[in-house]
Amino acid sequence: MAKSYDLIIVGAGMVGALSAILLAKSSLRIALVDKHDGDYRLSTPPAYDARVSALSSQSKRLLESVGVWQGIPHDRIAPYDNMVVWDGLGEGFIDFNAQATAMPELGHLVENAVLNQQLMTQVRRLKHIDLYLGDTLDSHQLSESGVNVELASGQLLQAQAIIAADGALSKLRTENAFETVEWDYGHHAIVTTLEIAQTHENTAWQSFGEEGILAFLPLPSVDHRHFVSIVWSVPPKEAESLMALDEAAFCRRLHYAMNRRFDVLGITQERQAIPLRQRHAKHYVTAGLALIGDAAHTIHPLAGQGANLGFADVKALVEVLEKAHRRGEHLGASKVLRRYQRARMLDNIAMAAGMEVFKRLFSTQQPLIVQLRNRGMMQFHRDTWLKQKLIARAAGISSFS
Ligand SMILES: Cc1cc2nc3c(=O)[nH]c(=O)nc-3n(C[C@H](O)[C@H](O)[C@H](O)COP(=O)(O)OP(=O)(O)OC[C@H]3O[C@@H](n4cnc5c(N)ncnc54)[C@H](O)[C@@H]3O)c2cc1C
């Protein structure tokens, strides 16, 4: 006998879990399925988790609206009110400052595991959500009038629609033959956390240079000790040799790659190298199914926008589904789900295109281009209006569409 829901959400990562919470608060009955057991083992500071996300003020507001943000311990959130970006091959730099734009901060750094755990705590409090953890889809059938699912555990589920929040390698996307536009960025991102000798000044530092794209992202300080999370994007061969360095040599390379701005005292978390791929589904929906978050699109992490775009997808999809529910429309109908696709696709494509331009512009060491880009950066740096526009976009306050 199948259990009946309004929606089945596959994937209880940041995007799927937040969707479930928002939809359950609108009294929709949700089945939330994840192959993970939903229990995030947190590191103890100063050994912060190597995976962190820079969250925009729009994402923060969405998390606040359901009480998730308030549950994150203060000593696991690092606000940043400055961002400094410079060209390692020249004099060009841009700094972005929250005060100049009348914002309290530019964003917040939160460890992914801390956020995921807080989302799951909230999920478990909601009686409209049934959790199927450590489980996955075995088979499913989609139609305009409803979906049927069999889980690997043998449990049968039925609902009006499935939301695929199953991440970058989404099985639901591939099994339902969604076409994608995708290519390798030719970069692997090395992530870890460091202890540094100087304060990070609540600033996100990013260098584009011969040594690749390197970000030092502020983490909470502990007993006057200072920590940053790094994302260091380099070609795969270079990533391999950086991963092979011993700790002291790795820290020395970081010191030089960051223009000797920081003395790196040591790494406090194991290094991970993550291959980076640009991927965008040509469609986000079909009858009975909507792709959301990384299942729909992945971009280069250089501007820290992937999860923020995913949360913007969540907001748009929840608004569409709530409205359709109030009107008595079928939630899996193509015409309903297409409203979500229309609301989000242009914005996601524009962000992906912007990341590609940035990545290409800074991958070249051609002297003429280096000279032009340094001049361009300095002009940009002096243009307060343009900087405010870009900050508003990154904060999710304005969109391209
Ligand atoms: C190095 C790096 C740095 C980044 N930094 C930032 C940043 O600073 N700011 C930002 O906004 N974004 C950042 N991002 C992007 C961000 O991490 C992702 O966009 C975000 O985590 C995507 O969340 P998601 O819930 O869509 O997918 P995921 O987090 O991948 O979650 C997918 C979930 O689905 C589950 N799942 C998968 N397959 C199945 C299955 N078959 N059955 C059941 N469950 C399944 C998984 O267990 C998982 O829980 C970064 C990305 C990288 C690689």
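Rules of the game
Residues numbered from 1 in each chain as written. Predicted model: local features only at pLDDT ≥ 70, side-chain atom pairs only at ≥ 80, totals over all residues. Heavy atoms only, no water. UniProt positions renumbered as here; feature names shortened; annotations may be inferred. Core = buried A, V, L, I, M, F, W, Y, C linked by side-chain atoms within 4.5 Å. Buried < 20%, exposed > 50% of the residue type's maximum accessible area, 1.4 Å probe, protein only. Helix = DSSP H or I, 4+ residues; strand = E, 2+ residues; numbered from the N terminus. Contact = heavy atoms within 4.5 Å. Axes fitted to C-alpha atoms, helices over the stretch in contact; angles between N-to-C directions. Parallel < 35°, antiparallel > 145°, perpendicular 65-115°, else oblique. Left-handed = near helix turned anticlockwise from the far one by under 90°. Nonpolar A, V, L, I, M, F, W, Y, C, P; charged D, E, K, R; others polar. Phe/Tyr/Trp six-rings, centres within 6.5 Å; stacked < 30°, edge-to-face > 60°. Lys NZ or Arg CZ within 6 Å of the ring centre and 35° of its normal. Near = heavy atom within 4 Å. Polar contact = N/O pair within 3.5 Å; in protein donor to acceptor, adjacent residues only side chain to side chain. Areas by Shrake-Rupley, 256 points an atom, 1.4 Å probe, with all protein chains shown as cover.

In the annotation of an unreviewed UniProt entry, the chain is listed under the name UbiH/UbiF/VisC/COQ6 family ubiquinone biosynthesis hydroxylase and assigned to Marinomonas profundi. You can read under Cofactor (unreviewed entry) in the UniProt record for the chain the words "FAD".

All right, on to the nonpolar core then. Ile 8 and Leu 115 are the most contacted members of the largest nonpolar core, which has 74 residues in total. Looking at this core, the element that brings in the most residues is helix α1 (residues 14-25), giving 9 residues. Those residues in contact with Leu 115, other than ones at most four positions away along the chain, are Met 14, Leu 55, Leu 63, Val 68, Ile 72, Val 110 and Phe 311. In this structure, Ala 54, Leu 217, Val 231 and Ala 352 belong to the second largest nonpolar core, which totals 31 residues.

Close contact between helix α2 (residues 57-65) and helix α8 (residues 306-327) brings their axes to 9 Å; oriented N to C, the two are set at 50°. Relative to α8, the element α2 is oriented oblique. Crossing of α2 against α8: the hand is left-handed. Of α8, the residues touching α2 (which contributes Gln 58, Ser 59, Leu 62 and Leu 63) are Asn 308, Phe 311 and Lys 315. The residue makeup of the contact of α2 with α8, split by class, is 3 nonpolar, 3 polar and 1 charged.

As a further point, take the packing of aromatic side chains. Any pair of aromatic rings gets described here by the distance separating the centres and the angle formed by the planes. All told, the structure shown has 7 aromatic pairs when counted by the stated rule. Centroid distance Trp 205 to Phe 262: 5.4 Å. Interplanar angle 75°. Geometry classified as edge-to-face. Remark: Phe 262 occurs in the loop between α7 (247-257) and β18 (264-267) and Trp 205 occurs in strand β15 (residues 203-209); sequence separation between them is 57 residues. Each member of the pair, Trp 205 together with Phe 262, is buried. Three or more aromatic residues joined by ring pairs make a cluster, and in this case those are Trp 86, Trp 205, Phe 216 and Phe 262. In this structure, Arg 261 is placed above the aromatic ring of Trp 86, and the distance from its NZ or CZ to the ring centre is 4.6 Å. The cationic tip of Arg 271 hangs over the ring face of Phe 250; the distance from NZ or CZ to the ring centre is 4.4 Å.

Now for the site of the ligand. Taken together, 28 residues sit near the ligand, with Asp 34, Ala 54, Thr 136, Asp 294 and Ala 307 positioned nearest. Contact distances for the ligand include 3.4 Å between an oxygen atom and a backbone N or O atom of Met 14. Alone, the ligand offers 1000 Å² of accessible surface; in the complex the protein occludes 85% of this. Elements represented by at least two residues in the shell around the ligand include exactly α1, β4 (52-55), β14 (180-196) and α8. Counted by class, the shell around the ligand contains 10 nonpolar, 11 polar and 7 charged residues.

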